[in-house]
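Given next are the chains, with one letter for each unit.
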Amino acid sequence: MDVDQSRGLACVFTSGTTVSVLTGQGVYSFQQNGKSLNAFSFDGMILSCADASRDGITVSLRTSVMAAQDRVILFDKQGRVLHEKTVTEGITQISRSGNTAYLLSSNGIRAL
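Rules behind the numbers
Residues numbered from 1 in each chain as written. Predicted model: local features only at pLDDT ≥ 70, side-chain atom pairs only at ≥ 80, totals over all residues. Heavy atoms only, no water. Buried < 20%, exposed > 50% of the residue type's maximum accessible area, 1.4 Å probe, protein only. Helix = DSSP H or I, 4+ residues; strand = E, 2+ residues; numbered from the N terminus. Pairing = 2+ DSSP bridges. Axes fitted to C-alpha atoms, helices over the stretch in contact; angles between N-to-C directions.

A. Here's a closer look at the pairing of strand S7 (residues 70–75). Counting buried positions along S7 yields five of six residues, so the element is predominantly enclosed. Pairing of strand S6 (residues 56–62) with S7 involves four bridges; the strand directions are antiparallel. Of the residues in S7, the one forming a bridge with Leu61 is Arg71. As defined by bridge partners, S7 adjoins strand S8 (residues 81–87) across six bridges and the pair is classed as antiparallel. The residue bridging Val72 from the neighbouring strand is Lys85, located in S8. Hairpin connection between S7 and S8: a loop of five residues separates the two successive antiparallel strands, and Gly79 in this loop has a positive phi of roughly 85°.

B. Broad picture of the sheet that holds strand S5 (residues 46–53). With antiparallel pairing, the four strands of this open sheet are ordered in space as S5-S6-S7-S8. Both outer strands of the open sheet, S5 and S8, are each paired with one neighbouring strand and no more. For this sheet, the mean inter-axis angle between neighbouring strands, taken without regard to orientation, is 15°. Of the pairings in the sheet, the one linking S5 to S6 comprises seven bridges and is antiparallel in character. Paired with Ala52 across the bridge in S6 is Ile57.

Have a look at this one:
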């Protein structure tokens, strides 16, 4: 399996035949035979936090380290974008359960 030139941060089996890989540059999903299913590039955005589980990968991206907004993206088990939202509070941690992401910030916990 060939992803990008970035360091792998997490790898998770999201189904019996699919593996999703999180790198500093994107999210990639593969079938167990190595065939690419989906690829999503962060396009220069900065990964601020992420969660990788059997439910899929969830990321929080920023345009810069000082950005006031986070772009939160939930990927399904096949690596497709399930939900995407821009939030104004600075996300410090993400936890995923099913199709819901729980975002921790200085304002408290928020479900997305």
